[in-house]
Structures are given as structure tokens and as C-alpha cells.
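Chain by chain, the residues run as shown.
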Amino acid sequence: MRAVGPLRSLLLALVCLLLWPAQAQSQSPLLDQLTLQRTTEALYLSARMEINPSSVVEDALLKAVPLYFVWRADVYRYRWYWTDRRVTSAFRTLRLAYQPLTRRWRVSLSNETGSSNGGAGLQYALHQNFDTLSEALAGVARVSRWRIAGADRLEPGASHRVEFSFRLDLSLLPRPFQIGMANQPEWAIDLQRSLAVPEGAEPDKAPLADGVQAVEVTGEPPKVEPAR
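Treat the numbers as computed from the prediction; the structure is a model and nothing was measured.

## Description of the sheet that holds strand β4 (residues 85–99)
Link 1 in the chain: Judged by pairing direction, the sheet is antiparallel, and its 6 strands sit side by side in the order β6-β5-β4-β3-β8-β9 without closing on themselves. Lying at the two open borders of the sheet, with one neighbouring strand each, are β6 (126–130) and β9 (190–196). The average angle at which neighbouring strand axes cross in this sheet is 15 degrees, direction not considered.
Link 2 in the chain: Strand direction decides the pairing type here: strand β5 (residues 104–110) and β6, joined by 5 bridges, are antiparallel. Bridge assignment links W105 to a residue of β6, and that residue is F130.
Link 3 in the chain: Contacting β3 (67–77), β4 and β5, helix α2 (residues 55–62) crosses the sheet at an angle of about 65 degrees to β4.
Link 4 in the chain: Sitting on the sheet, helix α3 (residues 133–140) touches β3, β4, β5, β6 and β8 (160–168), and the angle it makes with β4 is about 165 degrees.

Dropping the structure here:
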């Protein structure tokens, strides 16, 4: 009977270890749509996700701590004789911040990935204001026809793939806010996917028009997004 206590403790420890990866991934965005469109001009990516931040993340935002979400798309060309060759990369960094004076949310877009000064060194090309956090998160987590590669970067007749990632980049925060965050699962907002690039290009049409070759990851009928 004395062995029951240690055995129970061991079982509880094993259960915790098994559940830990699930907890660490619990903040991953829910992916509604992820598609590629290859035209005679370029390769475009469209995506729509749903972000459900933890209460800790929301609390930081409400305290006017800006957060940075990074989109990245790496295009690779298949090589049977060696590792696949990365032919180009595209980035988007979105800064989400609460403005206490106006009680509104602001999303700022940069095509850079950060600098030695973290997020403070980014140059922004676009700003947009939202009334609620949910609306601001929707703006952060969607993109329509993002140009990730020119047509000249895709070799005719070769196979290509896109390695896509979306994450909350804590390295762009001021140093004091980074302490202790790296190992906290409630701060882990991360999504990664691999997509095959359509082999043939089609004439450039309206965004996500009929006939677009795409990878649909949800198994549901494609949800068409209007052009922005």
C-alpha cells in the first residue's frame, strides 16, 4: 500500500508531461483559409485565421503593451540531388497596440522583420484603427493576395513549395517585457504550414476567382475574400 503514493505521483507527472505540448500549443491560431494563387505576374498568398489570446496576453494589451505579429513566407525550389533551394522570402510585421486616450486599437503594417532596436526600429507603411480588440485581431490575422514572389523567381517546369509561418514575436518587445516570457505557453501564438505551389500560372484575374489553384486546409468550401 505504501507504493500507491509514489506510483500515483509518477502517474501524475507522466500525465503532466503528456499534456504539456497540448498546453503549449493551445494559443495556436485557428486556420480558416490558406490559399496560393500563381499568375503570370506573381505568386500570391491569402489567409484568414482566428486568434484567441490568453487572458495574460489580453491583460498586457490593455496595459498598452504593443505586440508584434510576424507573417513569413519562404519559397523553395525542389532539388532531388541536394536540399531544396530557397529562392525568396516575404515578411509582414503587424504591430497591435491599445490607445487608452481614444480607447481604440491600432494595427500598423511593416514589410520588415525588426532591427537591433526591436519593434521600435520598424518603418510602417500603413495604419488602421479599430473599435474593439476582436476587430483588431481579425485585421492582424488576415491577408488578401499578399505578393510573396515575382513570377521570375519561379522556374518553369520545376516544383516549388511555400513554408508559411505566423507567430507572436516576443523578441520585438522592449527588453523588460521579454523576461520570463519565452517558456510560458500562454504567450506562444504560432502557426506553421507547408503548401505546394501550383505548377502552372494562370492569367491574372479577380482575387480568388473561379479556377484558382489553391491548397485548402480546412476541408470546407473555399471562403472568398473581397479585395482590399
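## Here we look at the sheet that holds strand β1 (residues 30–38)
Link 1 in the chain: The strand order across the open sheet formed by 3 strands is β1-β2-β7, and the pairing between neighbours is antiparallel. Since the sheet does not close on itself, it has two edges, and those belong to β1 and β7 (142–150), each with one partner. The sheet shows a mean angle of 20 degrees between the axes of neighbouring strands, direction not considered.
Link 2 in the chain: Pairing geometry for strand β2 (residues 42–50) and β7, over 6 bridges, is antiparallel. Paired with Y44 across the two strands is R147, which belongs to β7.

## Brief notes about the environment of D169
Link 1 in the chain: Its place among the elements puts D169 in the loop between β8 and α4 (175–178).
Link 2 in the chain: By relative accessible area, which is 7% here, D169 ends up buried.
Link 3 in the chain: Measuring from C-alpha to C-alpha, the distance between D169 and I189 comes to 8.5 Å, with 20 residues separating the pair along the chain.
Link 4 in the chain: Here D169 is in contact with Y68 and V70, once residues within four sequence places are set aside.

## Focus on the pattern of salt bridges
Link 1 in the chain: For the structure shown, the criterion picks out 8 salt bridges.
Link 2 in the chain: Across the pair R72 and D74 runs a salt bridge whose closest N-O atoms are separated by 2.9 Å.
Link 3 in the chain: Here R161 and E163 are joined by a salt bridge, their closest N and O atoms 2.6 Å apart.
Link 4 in the chain: Taken together, the salt bridges that share partners define one network made up of R72, D74 and R86.

The rules behind the values
- Residues numbered from 1 in each chain as written.
- Predicted model: local features only at pLDDT ≥ 70, side-chain atom pairs only at ≥ 80, totals over all residues.
- Heavy atoms only, no water.
- Pairing = 2+ DSSP bridges.
- Helix = DSSP H or I, 4+ residues; strand = E, 2+ residues; numbered from the N terminus.
- Axes fitted to C-alpha atoms, helices over the stretch in contact; angles between N-to-C directions.
- Contact = heavy atoms within 4.5 Å.
- Buried < 20%, exposed > 50% of the residue type's maximum accessible area, 1.4 Å probe, protein only.
- Salt bridge = Lys/Arg side-chain N within 4 Å of Asp/Glu carboxyl O.

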